[in-house]
Every structure is written in C-alpha cells, then in structure tokens.
Amino acid sequence: MKLNLAWVAGLALAATCNLGVAQSEKPLTIVVPTAAGGGNDAMARTIGQKLGVLLNRSVIVDNKAGANGALAAEFVAKAAPDGNTLMFGYIATHAMNPALQKLRYDPVKDFEAVGLVGYSPTLMVVNPSLKVKDVKDLVRVLKEKPDQYSVASAGNGTAPHFAAELFKMSTQTSLLHVPYKGSAPAVNDTIGGQTHVMFPSLFTGVPFVKSGRLQALAIAGNKRSAVLPDVPTLKELGIDGVEVDQWYAIFAPAKTPKDVVSKLNQALNKVLNDPEIIKKIEGHGADVDTSTPEQLSEMVRKDLVKWRQVVQRAKLQAD
C-alpha cells in the first residue's frame, strides 16, 4: 500500500511539472511578410495549423506587411533565437529585395534556414476590361498607348516587380509600376481596374482566374501548370527571360540552436508530407518541396547571386 501511494504521488508530481512546462511555453509565432489574404498568408496558415498539432503548441500567424517584406524580416532577425519566432520567408525577402537595395538585415547572416516549403510559378494576368485576346494583343496595345497602363506588384523587390520589369525589357513596352504592401491589395486593385496588369504567383492568382475576375495570359515560368493547362508560357510565345519561379521557406533568427532548428525542420517536413496539406497547396498551383536546413541555406546564397546579376543587367531600381 505504501509503495502504491508513493507511485501515485510520483505521478502527481510529474503531472504538475508537465503542466507547468505547458503553461509557461510560449506560442510559436510565424511572421508573414505580407498582408492577410494573399498566397503567402494562406500557405503559412495552412502549414501553421498542422505544425501546431504536431508540436502540441499553439501557433500564431502574425502578418507584418510593410517595406516590401523588410519589416517582418527585421523583426524576426532581432527576435530571441529560441525557436519561438519563425518567418515565412520567400524569394522576395531573402533574394530579390536584398539584391535590389540595401536593407537593414542580411538574408544569410541574420537567419537560420529551417526548411523549404515549395515553389509556385509566376502568372501573368490582366483585368478583363482590357479586352485583349492574348499576350501579343497586349503588347500591341501597350505600344500603341505607351505610359497609359499600369502594372501592380506586391512591392519593390518582389517577384511580381521583377517579372514585370523583365517583361517590359523583353517586349520593349512601357508600364507604370505601382507597388503595394503585399499581393492581396495589388490583386484587389487589378480586379477593380485601378491597375491593369499583374504578375502574381500562381498560388495567389488561380482562384481569381477561375472565378473570372482576372484573365490569365501566360505563365512566367519554365513550364505550363497542370492547374491552368491551356495557359502557355511566355517562352512559348517567343518572350524570353521572364522565368520567375517563386519559392517559400521557413527561417529562424540567427544563432537558434541547431537541435531546435533540426526539430523544426523534421516537423515541417512531416507536415509537408501530409496528403491533405499537399492537396490544399497544389490545388492552388504551388508545388510542395522540402529540404534540409543546409540545402535551403545554399539555395538562398545562389539565388542572391542570380538576382544581383539580373538587377545589374536590367538596371532595375526601387521606385
């Protein structure tokens, strides 16, 4: 009887200790560098929900739009390196924008790469009121009335911005660049007719194309998409040099312990192997892909070199 009581007392003490740990553990915050409602936000929330269940932690998705992703990146770079604050980074925050202009964070030195999430090709869309049949027709209209049409982007140094500039350079056309604080407001204004053209990610643009609110003209990527199989690539149409595949990934502040990064990477990869998650992400036109922290880190370094060369060649500048 005494042995049993001691055993029960031990269990009670262990339960109390475990409860204390659970109560003191901070929520896992995933900082998204764009406004709520865009493709990045939707993807982060889809992943965050499953990640929370897997890690048995509450997850908060914190949208910090501003300064073309730099606001969120600076916030995470300065956060405590304890694994409680992560960033849903993407090609703009960790390659394009740093290649375009000097920022107050270093995409390599200020972060620990956790893991890749996936890719999404860039889509070229227009407001249906333009009444253009295809890209050739749009190019004709742009040349007939130069400086009368505008192109929206998610901000300076984002994939929509780079794709638009490369398109203008390749076709020798003119479009007024209108940068927004994220893809959601940029898409909304293109739908509303305040702007005329946009290059959102396929993940962001597909729902609006399928609803008829935007007209898809081309894929600014290496191949057609199974989601929109009838939409040709710009390369197929004779317009080279506008292949912009957008990638998404999770980052932690620099100096986050390697064992914490490893645990997060394993959990993230498990989430991304969930058929339900894959179906949701691929249903919008993104391809799920995973990596080790080392593979992601190397990819970021190579992409920085690539886009710096593009900036120099195209003579791009922040508006």
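1. Points about the overall build of the protein chain
1) Next: For the protein chain, the count of helices and strands is 11 helices and 10 strands.
2) Next: With the principal axes as the frame, the protein chain shows a C-alpha extent of 95 × 40 × 30 Å.
3) Next: Looking at the protein chain residue by residue over its 319 residues, the buried ones come to 53%.
4) Next: Contacts in the protein chain between residues far apart in sequence, at least 24 positions, make up 78% of those at least 6 positions apart.
5) Next: Roughly 15,000 Å² of accessible area belongs to the protein chain as shown, and the carbon and sulfur atoms make up 53% of that amount.
6) Next: Taking the 35 positively charged and 29 negatively charged side chains of the protein chain as two groups, their mean positions are separated by 2 Å.

2. Some words on the layout of surface pockets
1) Next: Of the voids in this model, the largest pocket is the one considered here, and its volume is about 300 Å³.
2) Next: Along its surface, the largest pocket is lined by 17 residues, and Glu112, Ala113, Pro293, Glu294 and Ser297 are the ones closest to its centre.
3) Next: Of all the secondary structure elements, the ones that give two or more residues to the lining of the largest pocket are β4 (111–126), α9 (258–271) and α11 (293–314).
4) Next: For the lining of the largest pocket, the leading source of residues is α11, giving five residues.
5) Next: Residue composition of the lining of the largest pocket, by class: eight nonpolar, five polar and four charged.
6) Next: Considered as a void within the structure, the second largest pocket measures approximately 240 Å³ in volume.
7) Next: In terms of lining residues, the second largest pocket is bounded by 16 residues, among which Pro121, Lys223, Arg224, Gly285 and Asp287 are the most central.
8) Next: Here the lining of the second largest pocket takes three residues from β4, the largest share from any one element.
9) Next: A class-by-class count of the residues in the lining of the second largest pocket yields six nonpolar, five polar and five charged.

3. What about empty space enclosed by the protein?
1) Next: Tallied over the entire structure, the rule returns two cavities of 30 Å³ or more.
2) Next: Estimated volume of the largest cavity: approximately 70 Å³.
3) Next: As for the largest cavity, its lining consists of Thr34, Asn40, Tyr90, Ala154, Pro160, Ser183, Met198, Pro200, Ser201, Thr204 and Gln246.
4) Next: Residues that form the lining of the largest cavity fall into these classes: five nonpolar, six polar and no charged.
5) Next: Quantified by volume, the second largest cavity comes out at close to 50 Å³.
6) Next: Around the second largest cavity, the lining residues are Pro33, Thr34, Gly66, Ala67, Asn68, Gly69, Tyr90, Ala154, Thr158, Tyr180, Lys181 and Gly182.
7) Next: Looking at the lining of the second largest cavity residue by residue, the classes come out as five nonpolar, six polar and one charged.

4. Here's the deal with the packing of helix α2 (residues 39–55) against α9
1) Next: Following both chains from N to C, one finds α2 and α9 inclined at 120°, their axes separated by 9 Å at the closest point. Taken together, the axes of α2 and α9 are oblique relative to one another. Along this stretch, α2 crosses α9, giving a crossing that reads as right-handed. Two secondary-structure elements touch here, α2 through Ile47, Lys50, Leu51, Leu54 and Leu55 and α9 through Lys263, Leu264, Ala267, Leu268, Lys270 and Val271.
2) Next: Class assignment of the residues belonging to the contact of α2 with α9 gives a composition of eight nonpolar, no polar and three charged.

5. Overview of the environment of Lys136
1) Next: Mapping Lys136 onto the fold places it in helix α5 (residues 135–144).
2) Next: As a C-alpha pair, Lys136 and Leu237 span 101 residues in sequence and 8.1 Å in three-dimensional space.

6. A look at the pattern of salt bridges
1) Next: Inspection of the entire model under this criterion finds 10 salt bridges.
2) Next: Asp274 is the partner of Lys50 in a salt bridge, and the nearest nitrogen-oxygen pair spans 3.4 Å. Note that Lys50 is positioned in helix α2 and Asp274 in the loop between α9 and α10 (275–282), a separation of 224 residues in sequence.
3) Next: For the salt bridge of Arg224 with Glu236, the shortest nitrogen-to-oxygen distance reads 2.9 Å. One end of the pair, Arg224, is in the loop between β8 (215–220) and β9 (245–253); the other, Glu236, is in the loop between β8 and β9, and 12 residues separate them in sequence.

7. Let's talk about the confidence of the model for the protein chain
1) Next: When pLDDT is averaged along the protein chain, the result is 90; 92% of the residues meet or exceed 70.
2) Next: Every residue in residues 1–24 is under pLDDT 50, and counting partners more than four places away or in other chains gives zero contacts.

8. Structural notes on the packing of aromatic side chains
1) Next: A complete count under the given rule lists seven aromatic pairs for this structure.
2) Next: With a centroid separation of 6.1 Å and an interplanar angle of 90°, the aromatic rings of Tyr105 and Phe111 are classed as edge-to-face. Each member of the pair Tyr105 and Phe111 is classed as buried.
3) Next: Consider the rings of Phe111 and Phe251, whose centres lie 6.1 Å apart with planes at 70°: the pair is edge-to-face. Taken together, the positions of Phe111 in strand β4 and Phe251 in strand β9 put the pair 140 residues apart, joining distant regions of the chain.
4) Next: Overall, the relative accessible area of 5% leaves Phe111 in the buried class.
5) Next: One aromatic cluster is present, formed by Tyr105, Phe111, Trp247 and Phe251 through successive ring pairs.

Conventions we followed
Position labels on residues start from 1 in each chain and follow its written sequence. Only residues with pLDDT of at least 70 get local features here, since the model is predicted, and only at 80 or more are side-chain atom pairs given and counted; chain-wide, interface and lining totals rely on the full set of residues. Computation of side-chain values covers all heavy atoms of the structure but excludes hydrogens and water. Secondary structure follows DSSP: runs of H or I at least 4 residues long count as helices, runs of E at least 2 residues long count as strands, and numbering of each begins at the N terminus. Burial classes: relative accessible area under 20% of the type maximum marks a residue as buried, over 50% as exposed, and values in between as partly exposed (1.4 Å probe, protein chains only). Contact between two residues is taken to exist if any of their heavy atoms lie within 4.5 Å; hydrogens are not considered. Residue-level accessible areas treat just the shown protein chains as cover; the underlying method is Shrake-Rupley with a 1.4 Å probe. Under the convention used here, Asp and Glu are negative, Lys and Arg are positive, and both His and the chain ends fall outside the count. Where a charge lies is defined by one atom per residue type: Lys uses NZ, Arg uses CZ, Asp uses CG and Glu uses CD. Two kinds of site are reported from a 1 Å grid over the protein atoms alone, namely cavities, where a 1.4 Å probe fits but cannot get out, and pockets, open sets with protein on both sides within 12 Å along at least five of seven lines, and residues are called lining when an atom falls within 4 Å of a point. Grid points are joined across faces, edges and corners, and a volume is the space filled by probe spheres set on the points. All amino acids are sorted into three groups, where Ala, Val, Leu, Ile, Met, Phe, Trp, Tyr, Cys and Pro are nonpolar, Asp, Glu, Lys and Arg are charged, and the leftover types, Gly among them, are polar. The angle between two axes is taken between their N-to-C directions and runs from 0 to 180 degrees, where each axis is a line fitted to C-alpha atoms and a helix contributes only its stretch in contact. Any angle that falls under 35 degrees is termed roughly parallel, while one over 145 is termed roughly antiparallel, one within 65 to 115 roughly perpendicular, and all others oblique. It is the rotation of the near helix from the far one that decides the hand of a crossing: anticlockwise by less than a right angle makes it left-handed, clockwise makes it right-handed. The term salt bridge refers to a side-chain nitrogen of Lys or Arg lying within 4 Å of a carboxyl oxygen of Asp or Glu. The pLDDT value expresses, per residue, how confident the predictor is, ranging between 0 and 100. Only rings of Phe, Tyr and Trp enter the pairing, Trp through its six-membered ring, and a pair is recorded when the two centres are within 6.5 Å. The plane angle decides the type: under 30 degrees is stacked, over 60 is edge-to-face, the rest tilted.

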